[in-house]
Amino acid sequence: MRPPHIISIRSLFFSHFGRRPLPTLPVPHLSHYNFRTLSKMASEAPLVVRLVAASAYVADRAGAIVRDIMKKGELGIVEKTGIQDLQTQADRTAQMSIATSLSRQFPGVKVIGEEDDDEPAVDEQYVYQGLSEDVMKCADKYKGGEVKPEQVVVWIDPLDGTKEYTEGLLDHVTVLIGIAVDGQSVAGVIHQPYFNYKAGPDAQLGRTIWGIVGIGSFGFEQKSPPADKTIITTTRSHPTPTVQEAINAFKPDEVIRVGGCGHKVLIVLEGEAHVYLFASPGCKKWDTCGPQAILEAVGGRLTDIHGNVLQYHQDVKRPNTAGVLATFKNHDFYLKNIPQGIKDQLKA
């Protein structure tokens, strides 16, 4: 089911010209966003805002693909580099949907996805054209200046937390889309296909979080972690001696081991942990680009363990070879207290 705050441009177009009836789903604000108004908004909005609006829309649809494939029970699991690095039919189909949908709407923009090497042939039923109203309403707040398509790279992780997806740990799963301009992360989308799935069989599933640096981040409730504890979130499926040594240096009261970079950044944003620490080269650019922008749009930071800002131009090496450190507060404290021996092992 399409969330009520999202309108398909294609549906509005065909409805306007009588070739297709209006959607039967209730769409609040439709009177304020008729065909001409929405088209005018899209044509006048900055490129980055339009990209985020389109990304939020297609991420929601990709979440439906992920749920549908799980429901059918035909996951099509294959190992990419080993048992800890899996790929499913949901990864492949969601990637095709997102990459094709965005490439067609923004033909001059470079789109890079985790599953580029295994993306299936285009299936038109999974190609979408639409914009999130919530994002478009913020267009006038964007102060990032004029951006040309050739300055932009979109990074896609169609299913972050694949291993957890195959094991039924559904709250770990996210769809990630990051937008970089001149190599810098500026906007992102995190969609949780199974948000609210523990609320019962009739619960409405899924939520979409999005953010633009300079405007803010939306779709979640930001909270502060307990002031009298140190809580760290880190990898569940990729533990290494360096990961554990870095964690031990802080003598945490609690360590939350979960899957998915997007999920871990949300844990920091929602106050369940003080820091996301991953002292390992296992994370990739498509994992961090979107979550980084969402975190930084509300004043947080995401860097490698040396404090270097991650780069996202199209020719950059995909692995984040010097690990990941994400915080909402006190970033410099955590940087300073990561053991030098760990830093020496992880070169940028």
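Predicted, not measured: the structure shown is a model, and the values here were computed from it.

**Q** Help me understand the overall build of the protein, please; the structure alone is not making it clear to me.
**A** Assigned secondary structure in the protein consists of 11 helices and 15 strands. Across the 348 residues in the protein, those meeting the buried criterion constitute 53%. Partitioning the contacts of the protein with sequence separation of at least 6, the portion at a separation of at least 24 is 70%. For the protein, the exposed area adds up to about 15,300 Å²; of that, 50% sits on carbon and sulfur atoms.

**Q** Teacher, can you tell me more about the nonpolar core here?
**A** Soluble globular proteins: nonpolar side chains tend toward being buried together. Counting 53 residues, the largest nonpolar core has Val52, Val152, Val154, Tyr165 and Ile212 as its most contacted members. Contributing elements (two or more residues each) for this core: helix 3 (47–72), helix 4 (89–105), helix 5 (133–136), strand 6 (152–160), strand 7 (174–181), strand 8 (184–192) and strand 9 (207–212). In this structure, Ala279, Ile294, Tyr334 and Leu335 belong to the second largest nonpolar core, which totals 41 residues.

**Q** Would you take a moment to explain the packing of helix 8 (residues 261–269) against helix 9 (residues 285–296) for this structure?
**A** The relative placement of two packed helices comes down to the angle between their axes together with the axis-to-axis distance. For the pair helix 8 and helix 9, interaxial distance at closest approach is 9 Å and the crossing angle is 15°. By the criterion of interaxial angle, the relationship of helix 8 to helix 9 is roughly parallel. Crossing angle aside, the handedness with which helix 8 passes helix 9 is right-handed. Contacts between helix 8 and helix 9 involve Cys261, Gly262, Val265 and Leu269 from the former and Asp287, Thr288, Pro291, Ile294 and Leu295 from the latter.

**Q** In this structure, what is going on with the sheet that holds strand 12 (residues 254–258)? I would like to understand it.
**A** Working definition: the strands of a sheet are paired by backbone hydrogen bonds and lie parallel or antiparallel to each other. Strand order in the open sheet made by the 5 strands is 12-11-13-15-14, with mixed pairing throughout. Each end of this open sheet is capped by a strand with a single partner; those strands are strand 12 and strand 14 (301–303). Across this sheet, the average inter-strand angle for adjacent strands is 20°, counted without regard to direction. Bridge count for strand 13 (residues 275–278) against strand 15 (residues 324–327) is 4 bridges, and the pairing is antiparallel. Its bridge partner lying in strand 15, tyrosine 276 is registered against alanine 326. Helix 7 (residues 241–248) contacts strand 11 (231–235), strand 12 and strand 13 of the sheet and is inclined by roughly 175° relative to strand 11. Contacts between helix 9 and the sheet are confined to strand 14 and strand 15, with strand 14 contributing the most and set at about 145° to the helix.

**Q** Is there a simple way to explain the side chain of histidine 263 in this structure?
**A** By the element assignment, histidine 263 lies in helix 8. You can call histidine 263 buried: its relative accessible area is 10%.

**Q** Would you mind showing me how to read the pairing of strand 6 here?
**A** Within a regular strand, the side chains alternate between the two sheet faces. When you tally the buried positions in strand 6, you get 9 out of 9 residues, the bulk of the element. As defined by bridge partners, strand 4 (residues 110–113) adjoins strand 6 across 4 bridges and the pair is classed as parallel. Note on strand 6: the bridge partner recorded for glycine 113 is isoleucine 156. In this sheet, strand 7 lies alongside strand 6 in antiparallel orientation, the contact comprising 7 bridges. Paired with aspartate 157 across the strands is leucine 176, a residue of strand 7.

**Q** Even after reading the chapter, I still don't get the packing of helix 3 against helix 4, so can you show me in this structure?
**A** Running from N to C, helix 3 and helix 4 cross one another at 160°; their axes reach a closest spacing of 9 Å. Relative to helix 4, the element helix 3 is oriented roughly antiparallel. Here helix 3 and helix 4 pass one another in a crossing that is right-handed. Residues Ala54, Ser55, Val58, Ala62, Ile65, Val66 and Ile69 of helix 3 lie in contact with helix 4, whose contacting residues are Gln89, Ala90, Thr93, Ala94, Ser97, Ile98, Ser101, Leu102 and Gln105. When grouped by side-chain class, the residues that make up the contact of helix 3 with helix 4 number 10 nonpolar, 6 polar and no charged.

**Q** I keep staring at the confidence of the model for the protein and nothing clicks. Help me out?
**A** Caution applies to low-pLDDT regions: their predicted coordinates should not be interpreted in detail. Averaged over every residue, the pLDDT of the protein is 87; the share at 70 or more is 84%. Considering only residues more than four positions removed or in separate chains, one finds that residues 1–35, a stretch of pLDDT under 50, has 64 contacts.

**Q** Before we go on, may I ask you to explain helix 4 in this structure?
**A** Owing to its 3.6 residues per turn, the α-helix aligns residues three or four sequence positions apart on the same side. Taking 1.5 Å per residue, 17 residues should reach 24 Å; helix 4 reaches 24 Å between its end C-alpha atoms and fits that length. Regarding helix 4, its N-cap is threonine 88, as a side-chain oxygen of that residue lies 3.2 Å from the backbone nitrogen of alanine 90 further along.

**Q** Please explain the state of the cysteines as it appears in this structure.
**A** When the sulfur atoms of two cysteines share a covalent bond, that bond is a disulfide. Across all of its chains, the model carries 0 disulfides by this definition. The thiol of cysteine 283 is unpaired, and the distance to the nearest cysteine sulfur, on cysteine 261, comes to 4.2 Å. By relative accessible area, which is 4% here, cysteine 283 ends up buried.

The rules behind the values
- Every chain begins its residue count from 1, and numbering advances along the sequence as written.
- Owing to the predicted nature of the model, reporting of local features is limited to residues with pLDDT of at least 70; listing and counting of side-chain atom pairs is limited to 80 or more, with chain, interface and lining totals taken over all residues.
- Calculation of side-chain values draws on the structure's entire complement of heavy atoms; hydrogens and water are dropped beforehand.
- Strands are runs of DSSP state E lasting at least two residues, helices are runs of H or I lasting at least four, and both sets are numbered from the N terminus onward.
- Burial status follows relative accessibility: with a 1.4 Å probe on protein chains alone, a residue under 20% of its type maximum counts as buried, one over 50% as exposed, and anything between as partly exposed.
- Any two residues whose heavy atoms approach within 4.5 Å at even a single point are treated as in contact.
- Calculation of accessible area relied on Shrake-Rupley with a 1.4 Å probe; when residues are assessed, cover is drawn exclusively from the protein chains displayed.
- Buried Ala, Val, Leu, Ile, Met, Phe, Trp, Tyr and Cys residues form a nonpolar core when they are joined through side-chain atoms within 4.5 Å.
- Helix axes are fitted only over the stretch in contact, all axes being lines through C-alpha atoms; the angle between N-to-C directions runs from 0 to 180 degrees.
- Just so you know how the angles are binned, under 35 degrees is roughly parallel, over 145 roughly antiparallel, 65 to 115 roughly perpendicular, and the rest oblique.
- Each crossing gets its hand from how the near helix is turned against the far one by less than a right angle, where anticlockwise is left-handed and clockwise is right-handed.
- Strands are treated as partners if at least two bridges between them are detected by DSSP.
- Only Asp, Glu, Lys and Arg are considered charged in this grouping, and only Ala, Val, Leu, Ile, Met, Phe, Trp, Tyr, Cys and Pro are considered nonpolar; every other residue, Gly among them, is considered polar.
- pLDDT expresses how confident the predictor is about each individual residue, on a scale running from 0 to 100.
- The span one expects for a helix is its residue count, reduced by one, times 1.5 Å.
- Each polar contact in these results corresponds to two N or O atoms within 3.5 Å; when the atoms are within protein, one needs to be able to donate a hydrogen and the other to accept it, and residues that are neighboring in sequence are counted only if both atoms are side-chain atoms.
- In plain terms, two cysteine sulfur atoms within 2.5 Å form what is called a disulfide here.

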